[in-house]
Amino acid sequence: MEKIKNIALVAHDNRKKDLLEWVRWNSQNLIKHNLICTGTTGTFVERTLKEQSGETDLQIKKLKSGPLGGDQQLGALIAEGKIDILIFLWDPMEPQPHDVDVKALLRIAVLYNIPTACNRATADFMISSNLIDEEYTQILKDYSTYIKRDVIL
């Protein structure tokens, strides 16, 4: 990971205000990094910051909405090494119609050893870590032994 991180921000509907509050609170740290959001989350954060405080200096790259493929786009970016940190405030009390996509995103984040915060406390610890502004080499597990070689196509 480079000094400037690619930070993915995702929040389910009932957690979007929490994410907005976290982004506002940490805006001075976040402005130094690249922000990537699923579509609805990114639009909500961008629009609300602009409405409440005029302009925002935060630049947000928006993908598709999560249920429309944004979670999968984010997973692909993780697999390509283009996401360094995932802040995903998901709602543990609300069933999601795209639950399989959510699980796939969390699985790929673990597979590629991406620091992942699923709650505000973890996100606070991650953004305040000395490592946020430093280069970092993550250790990746070799999963090639998990691939079955005797599969006939």
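Please read all numbers here as calculations on a predicted model, not as lab measurements.

1. Observations concerning the side chain of Lys16
At step 1: Examined against the element boundaries, Lys16 turns out to sit in helix H1 (residues 16-25).
At step 2: The exposure class assigned to Lys16 is buried, which follows from its relative accessible area of 8%.
At step 3: In this structure, Lys16 is in contact with Ala11, Thr40, Thr41 and Phe44, ignoring residues within four places of it in sequence.

2. Observations concerning the nonpolar core
At step 1: Formed by 22 residues in total, the largest nonpolar core has its most connected members in Ile7, Leu9, Leu19, Trp22, Val23, Leu30 and Ile87.
At step 2: For this core, the secondary-structure elements that each account for two or more residues are strand S1 (6-11), H1, strand S2 (34-37), helix H3 (39-53), strand S4 (85-89) and helix H6 (120-127).
At step 3: Top element by residues in this core is H1. It accounts for 4 residues.
At step 4: With near-sequence residues (within four places) excluded, Ile7 lies in contact with Leu30, His33, Asn34, Leu35, Ile36, Ile85, Ile87 and Ile132.
At step 5: Listed in part, the 15 residues of the second largest apolar core include Val10, Leu63, Ile83 and Ile114.

3. Some details on the sheet that holds strand S5 (residues 116-117)
At step 1: Strand order in the open sheet formed by 5 strands is S3-S2-S1-S4-S5, with parallel pairing between adjacent strands. Either end of the sheet is taken by a strand with one partner, and the two such strands are strand S3 (60-62) and S5.
At step 2: Contacting S1, S2 and S3, H3 runs over the sheet at an angle of about 145 degrees to S3.

Rules and cut-offs
- Residues numbered from 1 in each chain as written.
- Predicted model: local features only at pLDDT ≥ 70, side-chain atom pairs only at ≥ 80, totals over all residues.
- Heavy atoms only, no water.
- Helix = DSSP H or I, 4+ residues; strand = E, 2+ residues; numbered from the N terminus.
- Buried < 20%, exposed > 50% of the residue type's maximum accessible area, 1.4 Å probe, protein only.
- Contact = heavy atoms within 4.5 Å.
- Core = buried A, V, L, I, M, F, W, Y, C linked by side-chain atoms within 4.5 Å.
- Pairing = 2+ DSSP bridges.
- Axes fitted to C-alpha atoms, helices over the stretch in contact; angles between N-to-C directions.

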